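The lines below spell out each chain.
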Amino acid sequence: MNDIAANLAKIHDRINKACQKSGRNPEEVRLIAVSKVKPAKLVEEAFCSGQKLFGESYVQEFRDKEPLVESPLQWHFIGGLQSNKVKYLRGKVTMIHSVDRLSLAEEIDHQWGKIDGIAKILLQVNVGDESSKSGCTPEDLESLVRQVSQLPNLKVCGLMCLPPHSDDPEQVRPFFRQLRELSKQIERLQLPGVEMGELSMGMSGDFAVAVEEGATLVRVGTAIFGARMKKG
Ligand SMILES: *Cc1c(COP(=O)(O)O)cnc(C)c1O
């Protein structure tokens, strides 16, 4: 087995174990292979090993890479997003994880309206309350959901977080728990057009803990493709 196939197998194994431990069905958890900074060739290699869903964080890089990939895979956009770049994602990604403000949601709605589509989005919450990170505050989440849910060409499918980094995944667990709690609170409001089925949380260092806490989408890069050279 090549490295990527072996890494994917190990990750699925750990996801299955985390599901067993927490009494969840592994079919509720989807693995996103985060291919940022990695060439199209490696994306194809992962696809050949059975990986169908990929995540990208930088619009320009996605624009360059997407046409080079021929396999019929799905892309999610997971990185920080400026409104003026949404047009480059239109119709090309099946979900945007990083919506944290109304103006961005409005632009996504506008762009997907042009193709008569419905954009699936997640609302990113800054659970660690870190000034350096994007995401709406937990306090602002309800009002953001209410406003965004009025837009006709998008659908709120759940929440996403990027908690403070720690080498010890147990330190991150409370943030995952907080996102799940927020998701339940929003669900109880029973807002029309709002679903809270997806919880996008967990990366290479902590995805097993995130799965134990209810993640339905884990975003894993390094553990699949190896270390990245730092960008910028
Ligand atoms: C890069 C990135 C990941 C993957 O991180 P790894 O530690 O390499 O698994 C996950 N989520 C987001 C938003 C990212 O930008």
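Everything here concerns the structure above.
Rules used throughout
- Residues numbered from 1 in each chain as written.
- Predicted model: local features only at pLDDT ≥ 70, side-chain atom pairs only at ≥ 80, totals over all residues.
- Heavy atoms only, no water.
- Helix = DSSP H or I, 4+ residues; strand = E, 2+ residues; numbered from the N terminus.
- Buried < 20%, exposed > 50% of the residue type's maximum accessible area, 1.4 Å probe, protein only.
- Contact = heavy atoms within 4.5 Å.
- Near = heavy atom within 4 Å.
- Polar contact = N/O pair within 3.5 Å; in protein donor to acceptor, adjacent residues only side chain to side chain.
- Areas by Shrake-Rupley, 256 points an atom, 1.4 Å probe, with all protein chains shown as cover.
- 1 Å grid on protein atoms, 1.4 Å probe; cavity = no way out; pocket = protein on both sides within 12 Å on 5 of 7 lines; lining within 4 Å.
- Sits in = over half its atoms within 2 Å of the grid points.
- Nonpolar A, V, L, I, M, F, W, Y, C, P; charged D, E, K, R; others polar.
- Points joined across faces, edges and corners; volume = space filled by probe spheres on them.
- Phe/Tyr/Trp six-rings, centres within 6.5 Å; stacked < 30°, edge-to-face > 60°.
- Lys NZ or Arg CZ within 6 Å of the ring centre and 35° of its normal.
- Pairing = 2+ DSSP bridges.
- Right-handed = clockwise from strand over helix to strand, strands pointing away.
- Axes fitted to C-alpha atoms, helices over the stretch in contact; angles between N-to-C directions.
- Left-handed = near helix turned anticlockwise from the far one by under 90°.
- Salt bridge = Lys/Arg side-chain N within 4 Å of Asp/Glu carboxyl O.

A. Structural detail: the environment of isoleucine 15. Checked against the element boundaries, isoleucine 15 lands in helix H1 (residues 3-22). Classification of isoleucine 15 as buried rests on a relative accessible area of 3%. Every residue in contact with isoleucine 15, bar those within four places of it in the chain, is listed here: Val29, Leu31, Phe207, Val211 and Val218.

B. Just the site of the ligand, in detail. For the ligand, the full set of nearby residues is Val34, Lys36, Ser57, Ile78, Leu162, Met203, Ser204, Arg219, Val220, Gly221, Thr222 and Arg228. Between glycine 221 and the ligand, the recorded distance is 2.8 Å, taken from a backbone N or O atom to an oxygen atom. Within the complex, 89% of the 390 Å² of free accessible area of the ligand lies under protein. Mapping the ligand onto the cavity grids shows that it belongs to the largest pocket. Classifying every residue of the shell around the ligand gives five nonpolar, four polar and three charged.

C. The layout of surface pockets, seen in detail. Within this model, the largest pocket holds a volume of roughly 650 Å³. Lining the largest pocket are 27 residues, with Lys36, Lys133, Leu162, Met203 and Arg219 positioned closest to its centre. Taken together, the residues of the lining of the largest pocket break down into ten nonpolar, twelve polar and five charged.

D. Broad picture of the packing of aromatic side chains. This structure, assessed with the given rule, holds two aromatic pairs. Summarising the aromatic geometry, the rings of phenylalanine 54 and tryptophan 75 are spaced 6.0 Å apart at their centres and angled 55° between planes, so their arrangement reads as tilted. Of this pair, phenylalanine 54 sits in strand S2 (residues 53-56) while tryptophan 75 is found in strand S3 (residues 74-77), placing the two residues 21 residues apart along the sequence. Among the residues examined, phenylalanine 54 registers a relative accessible area of 0% and is labelled buried. The structure contains a cluster of three or more aromatic residues connected by ring pairs, namely Phe54, Phe62 and Trp75. Here the guanidinium or amino end of lysine 52 rests over the ring plane of phenylalanine 47, the centre of that ring lying 5.3 Å away. Between arginine 63 and the ring centre of tyrosine 88, over which it is positioned, the NZ or CZ distance is 3.6 Å.

E. Region of interest: the pairing of S2. The two faces of S2 match: Leu53 and Gly55 on one face and Phe54 and Glu56 on the other face are all buried. Direction of pairing for strand S1 (residues 30-34) relative to S2: parallel, over a ladder of two bridges. If you follow valine 34 over to S2, its bridge partner there is glycine 55. One crossover worth recording links S1 to the parallel S2 by way of helix H2 (residues 40-48), and it is right-handed.

F. View of the packing of helix H5 (residues 138-148) against helix H6 (residues 169-189). As a packed pair, H5 and H6 sit with axes 11 Å apart at the nearest point and diverge in direction by 35°. For the element pair H5 and H6, the recorded crossing hand is right-handed. Contact residues: Pro138, Leu141, Glu142, Val145 and Arg146 in H5; Gln178, Leu182, Ile186 and Leu189 in H6. A breakdown of the residues in the contact of H5 with H6 according to their chemical character gives six nonpolar, one polar and two charged.

G. Main features of the pattern of salt bridges. For the structure on display, the rule yields 15 salt bridges. Across the pair glutamate 142 and arginine 146 runs a salt bridge whose closest N-O atoms are separated by 2.9 Å. Of the two residues, glutamate 142 and arginine 146 both sit in helix H5, four residues apart, roughly one turn of that helix. The exposure class assigned to glutamate 142 is partly exposed, which follows from its relative accessible area of 35%. Between glutamate 195 and lysine 155 there is a salt bridge, with the nearest N and O atoms lying 3.7 Å from each other. In this pair, glutamate 195 sits in strand S7 (residues 194-200) while lysine 155 sits in strand S6 (residues 154-161), placing the two residues 40 residues apart along the sequence. Accessibility expressed as a relative area gives 45% for glutamate 195, which makes it partly exposed. Overall, lysine 155 belongs to the partly exposed group, its relative accessible area being 25%. Residues participating in the shared-partner salt-bridge network are Lys21, Glu170, Arg173, Arg177, Arg180, Glu212 and Glu213.

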